[in-house]
Amino acid sequence: HGLGQMMATGATIEEWQAQAGMDYEVKRSRIRYAVEHLTPEAPVSDLRSIDKTLVLFRSDTGAPLGVVSDSYKVVQPAAVLEFFREWAEQGGLTIESAGVLFGGRRYFATAKLADAVSIDGGRDKVVPYALLSTSADGSLATECRWTTVRTVCNNTLTMARKGDAAYKVSHRSVFKPEDARSVVEAAHAQFGAFMTTARYLSTVGMNVEAAEDMTVRLLMKTSEEVTRASAGFNRIMGLFNGAGLGSNFETAHDTAWGWLNAVTEYADHHVRARNDQNRFVSAQWGQGEALKTKALELVSA
């Protein structure tokens, strides 16, 4: 999605921090607010504070990152990269990219699980990745999600049917990199199951009428008539009918796999969003991710 930076193999943590835009610290401070003119004899401005609540901010710019409880365990950007690297090494992975979102409120890194695997021995290939992420505003625990990336279009899809994280630690707990190996071993089996499903879907024919009906089931919130007239419906069908990257592959043309990738391309690259960061966050952790997971469940039923 173009939001991270590639990490040079063998670089120091300091070099990685600079490359990823994570070369700052997260500071914490009490929250104070001004109370003015409560009574005629009161000071013009009386500073008060909120107990058991802190504001986290960037050391380089002073920009606020989030308001959290005083029990919140801050994970520094440098520490994120270090334990992500240790996590990856424990599991036999290699960190490929890292970056920040929303001015530093979230950090993420990606690690490749294996080389690209073809759906049918041809051009349609999928790569399994670990998406490692955490936050400095309480919006996200420290977690790993196993995702797949279709190389022709950079569509992403969570391997787990329900979209649950493969590994998650709250900001009240301690992260343990040694737990990674068993999780990674399970991910290999999960990827094998995903590829079995993908290959099966690439053999299941789906004509335009069937794709339209499936898209209605995916998107419908009010009536079928309103759904068929919606921008989302028309965009997904346009991607299915030839506008999608890789939609002309034999594996995708008029197949269930092609419809699933029309949905994932829509959620990852075309759904309305304020900016690319919001679209990426939605596609990985929010409504976009939920839409893709629902599509996989519908087409696999």
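Residues numbered from 1 in each chain as written. Predicted model: local features only at pLDDT ≥ 70, side-chain atom pairs only at ≥ 80, totals over all residues. Heavy atoms only, no water.

**Let's talk about the packing of helix α8 (residues 276-285) against helix α9 (residues 287-300)**
Filter applied, for reference: In this description, a line fitted to the C-alpha atoms serves as the axis of each element, helices being fitted only across the stretch in contact, and the angle between N-to-C directions of two axes falls anywhere from 0 to 180 degrees. Helix and strand definitions follow DSSP, with helices as H or I runs of at least four residues and strands as E runs of at least two, each counted in order from the N terminus. For classification purposes, an angle smaller than 35 degrees is called roughly parallel, one larger than 145 roughly antiparallel, one from 65 to 115 roughly perpendicular, and anything else oblique. Handedness of each helix crossing follows the sense of rotation of the near helix against the far helix: counterclockwise by less than a right angle gives left-handed, clockwise gives right-handed. The contact definition used throughout considers only heavy atoms, calling two residues in contact when any of these lie within 4.5 Å. Under the scheme applied here, ten amino acids are nonpolar (Ala, Val, Leu, Ile, Met, Phe, Trp, Tyr, Cys and Pro), four are charged (Asp, Glu, Lys and Arg), and all others, including Gly, are polar.
Remark: α8 packs on α9, axes separated minimally by 4 Å, with the N-to-C direction vectors making an angle of 40°. Between α8 and α9, the angle is such that the two are oblique. Helix-helix and strand crossings are classified by hand; for α8 and α9 the assignment is right-handed. On α9, the residues that touch Ser282, Ala283, Gln284 and Trp285 of α8 are Gln287, Gly288, Glu289 and Lys292. Among the residues making up the contact of α8 with α9, the classes are represented as 2 nonpolar, 4 polar and 2 charged.

**Observations regarding the sheet that holds strand β4 (residues 64-69)**
Quick reminder of the rule: Between any two strands, pairing holds if DSSP finds at least two bridges.
One open sheet accounts for 3 strands, arranged β2-β3-β4; its pairing is antiparallel. Because the sheet does not close on itself, it has two edges, and the strands there are β2 (26-35) and β4. Taken pair by pair, the neighbouring strands of this sheet meet at an average axis angle of 45°, ignoring direction.

**Observations concerning the nonpolar core**
Put simply, the test is: Only buried Ala, Val, Leu, Ile, Met, Phe, Trp, Tyr and Cys residues count toward a nonpolar core, and they belong to the same one when joined by side-chain atoms within 4.5 Å. When accessible area is computed with a 1.4 Å probe and restricted to protein chains, residues below 20% of their type maximum are described as buried, those above 50% as exposed, and intermediate ones as partly exposed.
Of all hydrophobic cores here, the largest spans 72 residues; its most connected members are Trp87, Leu93, Ile95, Trp146, Leu218, Trp257 and Trp259. Once residues lying within four places of it in the same chain are set aside, the contact partners of Ile95 are Met7, Trp16, Phe84, Arg85, Ala88, Ala109, Thr110, Ala111 and Leu132. Ranked by size, the runner-up nonpolar core spans 7 residues in total, among them Leu101, Phe108, Val281 and Trp285.

**Thoughts on helix α7 (residues 256-270)**
Note the cut-off: Expected helix span is computed as 1.5 Å times (number of residues minus one).
For α7, spanning 15 residues, the distance from its first C-alpha to its last is 20 Å, which sits close to the expected 21 Å at 1.5 Å a residue. A large share of α7 lies buried, amounting to 13 of its 15 residues.

**Examining the environment of Glu225**
Turning to its location among the elements, Glu225 is positioned in helix α5 (residues 224-228). Exposure remark for Glu225: the relative accessible area of 68% places this residue in the exposed category. Residues Glu225 and Asn154, spaced 71 residues apart in sequence, show a C-alpha to C-alpha distance of 32 Å.

**Some points on the pairing of strand β5 (residues 94-101)**
The side chains of a regular strand alternate, first on one face of the sheet and then on the other. A large share of β5 lies buried, amounting to 6 of its 8 residues. Bridge count between strand β1 (residues 5-6) and β5: 2 bridges; the pairing is antiparallel. Bridged to Met6 within β5 is Ser97. The turn linking β5 back onto strand β6 (residues 106-112) is made up of 4 residues, and Phe102 within it adopts a positive phi angle of 55°.

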